[in-house]
Number of protein chains: 2
Amino acid sequence: MGVCPVPHLRKIIALSFSRNFRLLLIFMNNIPDDIPTLWDDFQAVDVCQTACVFGIWESCEGSSSILCVGMRSFKSRSKSQVLKLESACLPDTPQDGHVHVKWLGSPINPADLNMIEGVYPIKPTLPAVGGNEGYGRVVKVGIGVKNLCVGDHVIPAKSGQGTWRSDSHHKEDDLFRIDNTLSTEASCCLQVNPPTAYRMLKDFVDLKNGDIVIQNGANSAVGKAVIQICRLRGYCSVNIVRIRDDMAGLINELKNLGADYVITEDQLVKEYRGKFKGVKLALNCVGGKSALILASNLGFRGCMVTYGGMSKMPLQVPTGPLIFKDIRLAGFWMSRWYEDPNNFEERKSMYAELCGWLKSGDLKPPEFEKRGLDEYAAALEAAAVKFNRKQLFIP
Amino acid sequence: MGVCPVPHLRKIIALSFSRNFRLLLIFMNNIPDDIPTLWDDFQAVDVCQTACVFGIWESCEGSSSILCVGMRSFKSRSKSQVLKLESACLPDTPQDGHVHVKWLGSPINPADLNMIEGVYPIKPTLPAVGGNEGYGRVVKVGIGVKNLCVGDHVIPAKSGQGTWRSDSHHKEDDLFRIDNTLSTEASCCLQVNPPTAYRMLKDFVDLKNGDIVIQNGANSAVGKAVIQICRLRGYCSVNIVRIRDDMAGLINELKNLGADYVITEDQLVKEYRGKFKGVKLALNCVGGKSALILASNLGFRGCMVTYGGMSKMPLQVPTGPLIFKDIRLAGFWMSRWYEDPNNFEERKSMYAELCGWLKSGDLKPPEFEKRGLDEYAAALEAAAVKFNRKQLFIP
């Protein structure tokens, strides 16, 4: 992608870092020399800390808008995180084997924020466009492209390609064709949340009708997908949520999705102590003591799968059950699953099942708040604090 | 086993409970009515707490001595733990399918202490004879016994049979014949420590020459077997020990067994941070933060096996490696492995290999302090605090 010379910078915003934000020393060696304004902004930041700069540039030739992430080792008293909307000019015709994708919807996921913070294992070459998930329409096809046509809907075949933009060119193998009759909400969530729930329920334990699955963070987008897939498969779901003001509303919402139990950790430890016998699978996205409580509820040869660490604390695991009940602990990372070429056919069949459920209404996609790319500041702020709705860029 | 009426009680000793001793409410419904003296001792204890009573009776008809464990729900201000040596009369001839074993050596293992405390998953019918490991000689064979002869050396085929006694009758299937040319030390350790090390090094990760294994509690009997089997197999062992007065002596001892590295946790975190690349297997018998440190050193798809929890704290596990490095966590319990009938042939071949090493001197058995059964008080006290030598009853 060629960056237009001297972009029209709109604004620089500072995002507050979370308490656990780990500053990362990345030496940026590929900021183009022709974006001096941004570079000057980098330099202007006061010098004392390594920090992370996230740039979004905006509209140059009117042809397309892109969101770019830039990180650099520099020093700042304010630990600034800078976002800029910037424009770039795409060649009219994609290279051989490439297609031009017009992006139609790109969510903000926690992993995107981690990537900007520099704490995600996928480290993009910088400056980079943000966003790992999204869907778009193929609008132009380069020479030699075999499996994609104009009009096809696609999602990224793997993470790290940058979806927070209006248009981009990609190798056809880096894209995955999806059903083009799905709604925006269904299409743009097809890569991360429901598949994560789907795989965790399928790949670790041989679950049967009536088996018990317990999860924390049940109100997350993955958590809601877990509840619904458990309902569809006939598993009993025990859903742990944090206490909050509108508990009745939350319980009602999750029960409407099919939750069998919606309880707090405190209730699980006291009121429901020992009530759930032979739990086969625990899904953990919190860590710390919450993981200890989940694991303590597992039955003989049960398995706890960790896919997140919202508490930012190490998991705690009880020694006794690990040894004497032979429980297992594993992690799950959707991105790695996609990168295994052996999973290509299974990916298609998983999408076929998920799309069937999404189209019939049996599986509800996450609720989204739609944003233009120019609303990035509010969107990224909301993504870090609002968990009941996801932020979705409609470029 | 018939308990002699009105045993001659020798002494009652009180063992101090550890801080983490969990009192267990077990209603004793099978103390024979004909041991009123012991029963009276139970009643005499002051009433306020549920506690655990461990009885050893001694010498009645001069025929044999047995050690018995008794537990009962009763109340005590002193949380007494009572041990008694008692005699019992064995019939002259074993029942059909049974053999008479004269026990020749029976160690005290941490699991035995846990069983007495009532916190071990194997709950013997009470009163019961203590001890899960040991070896003996078959001295009489009942009608219908097919696979054992007088003179054979045997060990328990499974835990919970009570080895702290001079003689007992067992079904032949509850015993496992071993090489009868092994030394006492080698014979009596064949069931627990070296096999635990052997299986953990074999059953979880496909280790190859040069691969790195890291363990905590490296000075334990299992730890020392791990070091030696790693040396024999060509694995690199990184051995974490607690700092102590004679560090040089300990380092020397473990290096003489074949340890590649003997370091403290503090050294691992600071001096050796990031030095051990791609560790494939971590063996954890401590838990708490020690497990966190071990797991943090694992490489991609590494595995941490937990077989003990000396710190009495839940394991801590870092979330990132679990998800992004796809590490696995599992528990190992030697007793369960023995109970799986599918492992019978593998058990024989494991013993063949271990016995070969033990006889050639390539694998040194634990160091033992030999005790008569009448020294039970000192032996049990020593077993709870001395970790460099194991206590061994020679009945």
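Just so it is clear, the structure is predicted and the values come from calculations on it, not from any experiment. (Residues numbered from 1 in each chain as written. Chains lettered and ligands numbered in written order. Predicted model: local features only at pLDDT ≥ 70, side-chain atom pairs only at ≥ 80, totals over all residues. Heavy atoms only, no water.)

### Let's talk about the packing of helix α5 (residues 221-233) of chain A against helix α6 (residues 247-257) of chain A
All names here are of chain A. In the contact formed by α5 and α6, the axes pass within 8 Å of each other and the chain directions differ by 40°. What the angle tells us is that α5 and α6 run oblique. Seen from α5, the contacting residues are K224, I227, Q228 and R231; seen from α6, they are E253, L254 and L257. Grouping the constituent residues of the contact of α5 with α6 by class yields 3 nonpolar, 1 polar and 3 charged. (Axes fitted to C-alpha atoms, helices over the stretch in contact; angles between N-to-C directions. Helix = DSSP H or I, 4+ residues; strand = E, 2+ residues; numbered from the N terminus. Parallel < 35°, antiparallel > 145°, perpendicular 65-115°, else oblique. Contact = heavy atoms within 4.5 Å. Nonpolar A, V, L, I, M, F, W, Y, C, P; charged D, E, K, R; others polar.)

### Regarding the packing of aromatic side chains
Following the criterion strictly, the structure yields 24 aromatic pairs over all chains and no others. Seen from their ring centres, W164 of chain B and F393 of chain B are 5.5 Å apart, and the 70° between their planes marks the pair as edge-to-face. Here the residue W164 of chain B occupies a position in the loop between β10 (153-156) and β11 (167-171), and F393 of chain B occupies one in strand β21 (residues 390-393), the gap between them amounting to 229 residues. Given the relative accessible area of 1%, F393 of chain B is considered buried. Plain terms: the ring middles of Y198 of chain B and W357 of chain B are 6.3 Å apart, the flat faces sit at 50° to each other, and that makes the pair tilted. Taken as a pair, Y198 of chain B in helix α4 (residues 193-203) and W357 of chain B in helix α11 (residues 344-360) lie far apart in primary sequence, 159 residues in all. Relative accessible area serves as the criterion here: at 3%, Y198 of chain B is assigned to the buried category. Classification of W357 of chain B as buried rests on a relative accessible area of 11%. Site record: aromatic cluster; members linked through ring pairs are Y120 and W333 of chain A together with F324 of chain B. A cation sits over an aromatic face here: R347 of chain A above Y338 of chain A, 3.7 Å from the ring centre. (Phe/Tyr/Trp six-rings, centres within 6.5 Å; stacked < 30°, edge-to-face > 60°. Buried < 20%, exposed > 50% of the residue type's maximum accessible area, 1.4 Å probe, protein only. Lys NZ or Arg CZ within 6 Å of the ring centre and 35° of its normal.)

### Quick word on the pattern of salt bridges
Once the charged atoms of two side chains with opposite charge are near each other, the side chains can pair. Taken as a whole and judged by the stated rule, the model has 38 salt bridges over all chains. One salt bridge connects R371 of chain B with E375 of chain B, and the closest N-O pair in it is separated by 3.5 Å. E375 of chain B gets classed as partly exposed once you look at its relative accessible area, which sits at 33%. Within this structure, R199, K202, D203 and E346 of chain A form a network of salt bridges that share partners. (Salt bridge = Lys/Arg side-chain N within 4 Å of Asp/Glu carboxyl O.)

### Things to note about the environment of T125 of chain B
Within the secondary structure, T125 of chain B sits in the loop between α2 (110-117) and β9 (135-141). Among the residues examined, T125 of chain B registers a relative accessible area of 60% and is labelled exposed.

### A few points about the side chain of N219 of chain A
Mapped onto the fold, N219 of chain A is located in the loop between β11 (212-215) and α5. Taking relative accessible area as the criterion, N219 of chain A reaches 11% and is therefore assigned buried.

### A word on the packing of helix α4 (residues 193-203) of chain A against helix α11 (residues 344-360) of chain A
Two measures define how a pair of helices packs: the angle their axes make with one another and the distance between the axes. Residue and element names in this part refer to chain A. Close contact between α4 and α11 brings their axes to 11 Å; oriented N to C, the two are set at 115°. By the criterion of interaxial angle, the relationship of α4 to α11 is roughly perpendicular. Handedness of the crossing formed by α4 with α11: right-handed. Residues P194, P195, Y198, R199 and K202 of α4 pack against E346, M350, Y351, E353, L354 and W357 of α11. (Left-handed = near helix turned anticlockwise from the far one by under 90°.)

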